[in-house]
Amino acid sequence: MSNSVRKPEEHLKLFLPGPTEVREEILDAQGQWMIGHRMPESIALFGRIQPKLRQAFRTQHRVYVTASSGTGMWEAATRNCVAKRVLHCTNGSFGDRWVQTAIANGKEVEVLEAEWGQPILPEMVVERLANGGFDAVAFVQNETSVGIANPAREIAQAIRQTPGGADITIMVDSVSGMTGMEMEPDRWDIDIVLTSSQKAFALPPGLAFASVSERAFEKAKTVPYRGYYFDYITLEKYLVKDQTPATPAISLLYALDKQLDTILDEGMEARWARHMAMRNCVIEWANSRGFALFADEQYASPTVTTIANTHGIVIADLNKFLRTRGMVLSNGYGKLKEKCFRIGHMGDWQVDDIKELLANVDDYLHLQGISW
Ligand SMILES: Cc1ncc(COP(=O)(O)O)c(C=O)c1O
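Heads up: these notes are all about the structure in this document.

Here is what the cut-offs are and how they apply
- Residues numbered from 1 in each chain as written.
- Predicted model: local features only at pLDDT ≥ 70, side-chain atom pairs only at ≥ 80, totals over all residues.
- Heavy atoms only, no water.
- Core = buried A, V, L, I, M, F, W, Y, C linked by side-chain atoms within 4.5 Å.
- Buried < 20%, exposed > 50% of the residue type's maximum accessible area, 1.4 Å probe, protein only.
- Helix = DSSP H or I, 4+ residues; strand = E, 2+ residues; numbered from the N terminus.
- Contact = heavy atoms within 4.5 Å.
- Phe/Tyr/Trp six-rings, centres within 6.5 Å; stacked < 30°, edge-to-face > 60°.

### Some points on the nonpolar core
Counting 74 residues, the largest nonpolar core has Val125, Phe201 and Tyr232 as its most contacted members. Here this core takes eight residues from helix 9 (residues 250-266), the largest share from any one element. In this view, valine 125 contacts Leu87, Cys89, Leu112, Ile120, Val137, Ile155 and Ile159; residues no more than four positions away in its chain are not counted. Listed in part, the 28 residues of the second largest apolar core include Met278, Trp285, Leu293 and Trp349.

Here's what the structure looks like:
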């Protein structure tokens, strides 16, 4: 297949917390012939994808696929499964943005905030649930803005043990977590887990996925004004026919089909372990270079590490230097822009790739006269 549009000299290895690196064979998979989305070829493609997605999501339930980014699936979860009042737990920018989504959709929202860099803990959620009246709880499993992993399993378990907790819809954003860290929607009894394609799936941006439990699906039937594009009931009607209501992003589905084979061949446990190994490599490096981690190390994210800029380097200059070596990392998010830098270690990267990046950062530090 021709790849003349991709000039090797323009390739930058992306050590970002998304979009992340996409392998060439996956980029190439997108270039297959176009098909109509009601044609048997498309139905076969979607039909092949669905069981593989369920395996990757570790769920027996449906996994909806939309031509959108993950933000669309926030809106979907909120519109379909918040009947009235939702508790949003947040400890970073993405948690905050999901709150804005719920408000923009006219839901009654209460916000539980943990300090940035600190986890949301089960007991905090339980305490707030005692205020009563919540039919849904939402939180981010892996807060990309600060590099912290909230203990999703324990939070879900604690919610279920509260009075009335069995009926609460638990909605989890695993946009930068899914396939890069442990997530078990069925075993942990989490109703909705949503994610985007451009993170640990190592696909181009443009697709979003959400697993939806039977309980959540039944609830959605009772919630009015679910909207149109992201209505679970309509998505389901087509999913059972291996189709989507609107035109899907067919080229991306080709890429997804191929990438799911790689993900499942590696195995979920192995993939999670590889991400932990990359994380540990970055943490060890940061500690040994006199940097500090921004997030509580006990809850450090397996897919993105946020490093406090304790040496006061100019992150834009570091990135300029790294570009000359064919790679980039990320500055801190929002208010942390110059205070931190973030290394995305997600998707198909291996520990050796991370070591290569870190060796180049070392070169930059040496040039700045920073020693450790
Ligand atoms: C944790 C988290 N949630 C949601 C989003 C938004 O996802 P998208 O950009 O795919 O809409 C992001 C994006 O980086 C994210 O990191």
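Having seen the model, we can carry on.
### A look at the packing of aromatic side chains
If you walk through the whole model with that rule in mind, you get ten aromatic pairs. Between the aromatic rings of phenylalanine 291 and phenylalanine 341, the centroid separation amounts to 5.3 Å while the plane-to-plane angle is 80°, which identifies the pairing as edge-to-face. Taken together, the residues span a long stretch of sequence, with phenylalanine 291 in the loop between helix 10 (268-288) and strand 11 (292-293) and phenylalanine 341 in strand 15 (residues 340-344) at a distance of 50 residues. Residue classification places phenylalanine 291 among the buried residues on the basis of a relative accessible area of 4%. With relative accessibility at 0%, the residue phenylalanine 341 sits in the buried group. Note on phenylalanine 321 and tyrosine 364: the rings are 5.6 Å apart at their centroids and 50° apart in plane angle, and the pair reads as tilted. Note that phenylalanine 321 is positioned in helix 11 (residues 315-324) and tyrosine 364 in helix 12 (residues 351-367), a separation of 43 residues in sequence. Just as phenylalanine 321 is buried, tyrosine 364 falls in that class too.

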